[in-house]
There are 2 protein chains.
Amino acid sequence: MTQLEHATSAESCELAHLPTEALRKFRDRQQAAYEAIKARAVPFNLARGKPATEQVTLANQLLIAVATPEECWAEDGTDCRNYYGSPQGLIEARRLFAPMLGAPAEQVLVANNSSLALMHDAVVYALLTGARDGDVPWRDQRRPIRFVCPSPGYDRHFQICEQYGIEMIPVALTGAGPNMDEVEELAADPSVKGMWCVPKYSNPTGETYSSETVARLARMSAADDFRLFWDNAYAVHHLTDTPDPLDNVLDVCAAAGNPDRALVFGSTSKITFAQAGLGLFASSRANMRWFVARLSTRTIGPDKLNQLRHVRVLRNDAGIAEHMAQHRRLLAPKFAAVLEVFETRLGGTGAATWTRPRGGYFVSLDVLDGCAQRVVALAKAAGIETVPAGRTFPCGRDPRDRNIRIAPSFPPATEVAAAAEALATCVLVATCERLLVIRGVNG
Amino acid sequence: MTQLEHATSAESCELAHLPTEALRKFRDRQQAAYEAIKARAVPFNLARGKPATEQVTLANQLLIAVATPEECWAEDGTDCRNYYGSPQGLIEARRLFAPMLGAPAEQVLVANNSSLALMHDAVVYALLTGARDGDVPWRDQRRPIRFVCPSPGYDRHFQICEQYGIEMIPVALTGAGPNMDEVEELAADPSVKGMWCVPKYSNPTGETYSSETVARLARMSAADDFRLFWDNAYAVHHLTDTPDPLDNVLDVCAAAGNPDRALVFGSTSKITFAQAGLGLFASSRANMRWFVARLSTRTIGPDKLNQLRHVRVLRNDAGIAEHMAQHRRLLAPKFAAVLEVFETRLGGTGAATWTRPRGGYFVSLDVLDGCAQRVVALAKAAGIETVPAGRTFPCGRDPRDRNIRIAPSFPPATEVAAAAEALATCVLVATCERLLVIRGVNG
């Protein structure tokens, strides 16, 4: 049972203890509030983890960071307006992101946006050429091949599996990472070739993998060509003064005798300019050779000018941290607004539980089983956009139909509060509907 | 027999008609010249189609084309510093390149660098998901699958096939495109799924496909999921006042009842900044839907800021033409220098034939059968870098060992002439060696 599960079954829902007449009256008040919101018809968007305009504005210096021909030259004398240089990216860019990725610069690759593309390509290379030099391609081994998918998770990870016919096995999250008993059992199957991990401030649950989780992932029995797709998208995206610690998966895997198990990904999409940033990859020396050999067939090399821009603006790891502190000042009030509204409107009702993220981009809301689609439909009809219910699960199917991912980053804080209010109303309406149905009574 | 073949067999080599003693004397003079070159040890690089620094300098305006926050907005109101917008790229960028690609803007996709990556990805999508929606993936059909490879051709095309186990069938070029009798026979085999084409100022032979070639490619019998990989890399890269005409392959295929046969690729790598430019793709509506659906799993979208920069600097098709005229002024003297040296040193010897390109980036030099590797080795020992002999053929094997690709774009014109001089000397040394071996006489 995950930390979120305790309050989202009908039995533990405080509203469930109201007498039917009182429940009806409560429902009527929420329904009236909902109709008022619908009548106002103010659109709000909580769907995607999109930075606000003030956030991308923080990186405006990038626009003029390489403005003259003299500024186009890398430290090794490469003209960044022209071909060549290492396919791994500029050494100064790799050095910049090495601490964030937890690998020496020689084991870091800096590419064009985005990390999603790098993850996609790693899957493709493994499918068609094997996950190690000389290996049988995944696609030519037993079929179907499978990935472990901690869920709820990032929908775009799951879409890669779906596109290429990789079977997804959902595993529950515990608040400290996936349920490792389940994962260890699954990974022992040689048809299980990979696992999606957002190990820090996870999308959408906000949790960070504990030391025990990382250690068990590193040492568990698995196929030699099993890979952890370690999408550390929110490595430096803290919302508190005490960042969650996350163990260095490359070090822990190496110490466990599985040095090639983890493929680490990162991105500046939510640091500088989304889509006009850099995709990052780090792994063992052997995996880097494997990846670069294949990447070099795909492209002569990345856009080095954009790498130079990032080096000049972010400078070093401390520069990244300073930059992220500015993001935090913009983001934290929006998360606080959502949490305050949920506490006020939903606290004590037992109608929902939600995460209190210490970093990342999302609040994960769990409503009564079987209610998420209804809540999202009500919200949509009132102009509040969230991702479709279920989207955070493999193949878009939430087996309990209860999870809703909320992304409060893009709208202004005042709008975020109004949107959370509206969403809370939808949750209460849907919960009452559900409870009345369970009691076998109509409206 | 190709247009190049007539002079490169020992029988037709004028040096072959010299008496042995005269041939020895001639060889000794060339050998002495070669030793002098080697002693000078000045390095020259003719290996890669890399623009000169003065060429990338032509696009310096790109560095400041989007310098303020106000300039970051696309015409549809998209903030190009942030996520989203069409995965096909900005409409203004698609409109800019539509004439160059020969398709309406709705059927054009503008991506990050480079076109090679787009071609790679199209091959990968077809291998893993089929070349049409609902098709059996290439990888799950009969094996091996095959590509027709006009040769000599672009080595990086062939490397994609090699990486993914696609069997390559070389086909000779005629001066007006590939030998179509051969191509038609091959394409009738359903295991033949693709064909690499550089239809204009071809890499490396410089030839442009004739109307008849394009028409026959469009109407020939082939599998429904057979695709022409139409890499129109040099669409606007003319070296004369009378650009080679090339028929619009999308139109001709549509008229022949095969609207989905051609995938058209283009690039700004040799227009603006190499590696920091844009990759371009155009095809039928169905193919565009097919490609975008898969691309959208790989990435949320391209770097829109770099697209805006290109739109603002190149403006429109006429702007591209003006820009390319400036490139021509820098490139044409370098090609002229190579051709003048070859004419002076090799003309009348029969030791080699070479192309006189009307556009593109290469001079293709054919030496006596069995001599290319020796020429390249001699050149390398004297400090002149060319691509390894054979590299222009599938799997790096030139069956006649005679083709050498020369890229004169990067060094200054004076150096290009000196390098061509040195290379001509190497050709003459290797030719004499070969002829003396054929006569059964030693040095």
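Check the entry above for the structure.
Model, not experiment: these values are computed from the prediction.

Chemist: Run through the overall build of chain A, naming residues and quoting values.
Modeler: Within chain A one finds 13 helices and 12 strands. In terms of overall dimensions, chain A is globule-like: its C-alpha atoms have a radius of gyration of 23 Å, near the 22 Å expected for 443 residues. Seen along its three principal axes, the alpha-carbon backbone of chain A occupies a region of about 75 × 50 × 35 Å. Residue burial in chain A is summarised as follows: out of 443 residues, 62% are buried. Put simply, 76% of the contacts in chain A that link residues at least 6 apart link residues at least 24 apart. Accessible area for chain A stands at about 15300 Å²; split by element, carbon and sulfur atoms hold 52% of it. Taking the 47 positively charged and 49 negatively charged side chains of chain A as two groups, their mean positions are separated by 4 Å.

Chemist: Residue-level account of the pattern of salt bridges, with values.
Modeler: The final tally for this structure, using the stated rule, is 50 salt bridges over all chains. Residue R27(A) pairs with D28(A) through a salt bridge whose shortest N-O separation is 2.9 Å. The class of R27(A) is buried, set by a relative accessible area of 12%. Each of D121(A), R298(A), D121(B) and R298(B) takes part in one network of salt bridges that share partners.

Chemist: Quick rundown of the relation of the copies chain B and chain A? Include the residues and the values.
Modeler: Expressed as a screw transformation, the operator carrying chain B onto chain A has a rotation angle of 180° and an axial translation of 0.0 Å, and the superposed copies differ by an RMSD of 0.0 Å. A rotation of that kind, with that shift, is consistent with a two-fold axis. For chain B, the minimum C-alpha distance to the rotation axis belongs to I64(B) and amounts to 3.4 Å. The fraction of interface residues of chain B whose copies in chain A are also interface residues reaches 100%, indicating that both copies meet through the same surface.

Chemist: Go over the sheet that holds strand β9 (residues 352–354) of chain B, please, and point to the residues and values.
Modeler: All names here are of chain B. Read from one edge to the other, the open sheet built from 3 strands follows the order β9-β10-β12, with strand pairing classed as antiparallel. The open sheet is flanked by β9 and β12 (403–406), the only strands paired with a single partner. In this sheet, adjacent strand axes meet at a mean angle of 20° when their direction is disregarded. Where strand β10 (residues 363–367) meets β12, 4 bridges bridge the pair, whose relative direction is antiparallel. Along β12, the bridge assignment pairs S364 with R405. Contacts from helix α11 (residues 317–346) reach β9, β10 and β12, with the element oriented near 20° to β10.

Chemist: Help me get a handle on helix α12 (residues 372–381) of chain A, residues and values and all.
Modeler: Residues and elements named next belong to chain A. Those residues of α12 lying buried are A372, V375, V376, L378 and A379. Down the axis of α12, the sector holding all buried residues measures 160°, keeping them to one side. The exposed residues of α12 that point more than 90 degrees off its buried face are Q373 and K380. For α12, the elements touching its buried residues are α1 (20–40), β10 (363–367), β11 (384–385), β12 (403–406) and α13 (413–438). Phi turns positive, to about 95°, at G383, one or two residues after α12.

Chemist: Describe unusual backbone geometry, with residues and values.
Modeler: Excluding glycine, residues mostly have negative phi values, and the peptide bonds linking residues are mostly trans. Between N113(A) and S114(A) the backbone carries a cis peptide bond, its omega angle lying at 5°. Unusually for a residue other than glycine, Y84(A) sits at a positive phi of about 80°. Within the secondary structure, Y84(A) sits in the loop between α2 (53–57) and α3 (91–101). Judged by its relative accessible area of 24%, Y84(A) is partly exposed. Positive phi, close to 70°, is recorded for R315(B), a residue that is not glycine. Summarising the element assignment, R315(B) is placed in the loop between α10 (304–314) and α11. Taking the relative accessible area as the measure of exposure, R315(B) reaches 48% and is therefore partly exposed.

Chemist: Hey, could you go over the packing of helix α1 (residues 20–40) of chain B against helix α13 (residues 413–438) of chain B for me, with residue numbers and the actual values?
Modeler: Residues and elements named next belong to chain B. Put simply, α1 and α13 touch, their axes get as near as 9 Å, and they point 145° apart. When you trace α1 past α13, the crossing you get is left-handed. When α1 is examined against α13, the residues T20, L23, R24, F26, R27, Q30, Q31, A33, Y34 and I37 are found in contact with a partner set consisting of A422, T425, C426, L428, V429, C432, L435 and L436. Considering only residue class, the contact of α1 with α13 consists of 12 nonpolar, 4 polar and 2 charged.

Chemist: Let's hear about the interface of chain B and chain A: which residues, and what values?
Modeler: Listed by partner, the interface residues are 65 residues for chain B and 65 residues for chain A. Here chain B meets chain A over a buried area of about 5400 Å², counting both sides, of which 50% is carbon and sulfur. Ranking the residues of chain B by area buried against chain A places R81(B), Q275(B) and R298(B) at the top, with a combined share of 15%. A salt bridge links D140(A) to R139(B); its shortest N-O distance comes to 2.7 Å. Here chain B and chain A share 24 residue pairs in polar contact (both at pLDDT 80 or more) between them. Going through the elements one at a time, α2 (53–57), α4 (115–129), α5 (155–163), α9 (285–298) and α10 of chain B are the ones with two or more residues in the side of chain B that touches chain A. Top element by residues in the side of chain B that touches chain A is α4(B). It accounts for 9 residues.

Chemist: Go over the nonpolar core, please, and point to the residues and values.
Modeler: Counting 74 residues, the largest nonpolar core has W196(A) and W196(B) as the members making the most contacts within it. Aside from chain neighbours lying at most four places away, what touches W196(B) is M119(B), V123(B), F147(B), V148(B), C149(B), P150(B), H157(B), F158(B), I160(B), C161(B), Y209(B) and F229(B).

Chemist: Which residues make up the sheet that holds strand β5 (residues 192–197) of chain B, and what values do they have?
Modeler: Residues and elements named next belong to chain B. One open sheet holds the 7 strands; their spatial order is β2-β8-β7-β6-β5-β3-β4, and the pairing between them is mixed. Single-partner strands in this sheet number two, and they are β2 (108–112) and β4 (167–172). Sheet twist, expressed as the average angle between the axes of neighbouring strands with direction ignored, equals 20°. Across the sheet, helix α6 (residues 180–187) lies against β3 (146–151), β4 and β5, angled at about 155° from β4, the strand it touches most. Those strands touched by α9 are β2, β6 (227–231), β7 (262–267) and β8 (278–282), and its axis lies near 25° from that of β2.

Chemist: Quick rundown of the packing of aromatic side chains? Include the residues and the values.
Modeler: One pass over the full model with this rule turns up 30 aromatic pairs over all chains. On the numbers, 5.4 Å between centres and 40° between planes, the contact of F147(A) with F229(A) is tilted. Pair noted here: F147(A) is in strand β3 (residues 146–151) and F229(A) is in strand β6 (residues 227–231), with a separation of 82 residues, a long-range link. Classification of F147(A) as buried rests on a relative accessible area of 0%. Ring plane angle 45° and centroid distance 5.6 Å describe the contact between Y83(B) and Y84(B), whose orientation is recorded as tilted. Taking the relative accessible area as the measure of exposure, Y83(B) reaches 9% and is therefore buried. Grouped by ring-pair contacts, the aromatic residues Y125(A), W138(A), F147(A), W196(A), F229(A), F265(A), F281(A), W290(A) and F291(A) constitute a single cluster. One residue, K50(A), lies across the ring of F410(A), its end atom 4.6 Å from the ring centre. Directly above the aromatic system of Y361(A) lies the positively charged group of K270(A), at a separation of 5.4 Å from the ring centroid.

Each value, and the rule that gives it
Starting from 1, residues in each chain are numbered consecutively following that chain's sequence as written. By the order in which they are written, chains take letters starting at A while ligands take numbers starting at 1. Local features are withheld for residues below a pLDDT of 70 in this predicted model, meaning they are given only at 70 or higher, and side-chain atom pairs are given and counted only at 80 or more; totals for whole chains, interfaces and linings count all residues. The basis for every side-chain value is the complete set of non-hydrogen atoms in the structure, without hydrogens or water. Only runs of H or I of at least four residues qualify as helices and only runs of E of at least two qualify as strands under DSSP, and these elements are numbered from the N terminus. Based on C-alpha atoms, the radius of gyration is set beside the globule rule, defined as 2.2 Å times the residue count to the power 0.38. We call a residue buried when its accessible area falls under 20% of the maximum for its residue type, exposed when it is over 50%, and partly exposed in between, using a 1.4 Å probe and counting protein chains only. The contact criterion used is simple: two residues touch if any of their non-hydrogen atoms lie within 4.5 Å. The Shrake-Rupley method, run with a 1.4 Å probe, gives the accessible areas here. Residue values count only the displayed protein chains as cover. Working convention for charge: Lys and Arg count positive, Asp and Glu count negative, and His plus the chain ends are omitted. Lys charges are placed at NZ, Arg charges at CZ, Asp charges at CG and Glu charges at CD. A pairing counts as a salt bridge when a side-chain nitrogen of Lys or Arg comes within 4 Å of a carboxyl oxygen of Asp or Glu. Residues below a pLDDT of 70 in either copy are left out; the C-alpha atoms of the rest, at least 70 in both, set the least-squares superposition of the copies. The pairing criterion for strands is at least two bridges between them, as found by DSSP. Working convention: axes come from line fits to C-alpha atoms, limited for helices to the stretch in contact. Angles between N-to-C directions cover 0 to 180 degrees. Think of the arc as the fan of directions from the helix axis to the C-beta atoms. Should the near helix be turned counterclockwise from the far one by less than a right angle, the crossing is left-handed, whereas a clockwise turn marks it as right-handed. Residues are grouped as follows: nonpolar covers Ala, Val, Leu, Ile, Met, Phe, Trp, Tyr, Cys and Pro; charged covers Asp, Glu, Lys and Arg; every other residue, Gly included, is treated as polar. Summed over both partners, the accessible area (1.4 Å probe) lost when two parts come together is defined as the buried area. Nitrogen and oxygen atoms within 3.5 Å of one another constitute a polar contact, given that in protein one can donate a hydrogen and the other can accept it, and given that sequence-neighbouring residues count only through two side-chain atoms. In these notes, a set of buried Ala, Val, Leu, Ile, Met, Phe, Trp, Tyr and Cys residues joined through side-chain atoms within 4.5 Å is what counts as a nonpolar core. In this scheme Phe, Tyr and Trp rings, the latter by its six-membered ring, pair at centre separations within 6.5 Å, and the angle between planes marks the pair as stacked below 30 degrees, edge-to-face above 60, and tilted otherwise. A positively charged side chain is recorded as over a ring if its NZ (Lys) or CZ (Arg) lies within 6 Å of the ring centre. The angle to the ring normal must also be within 35 degrees.

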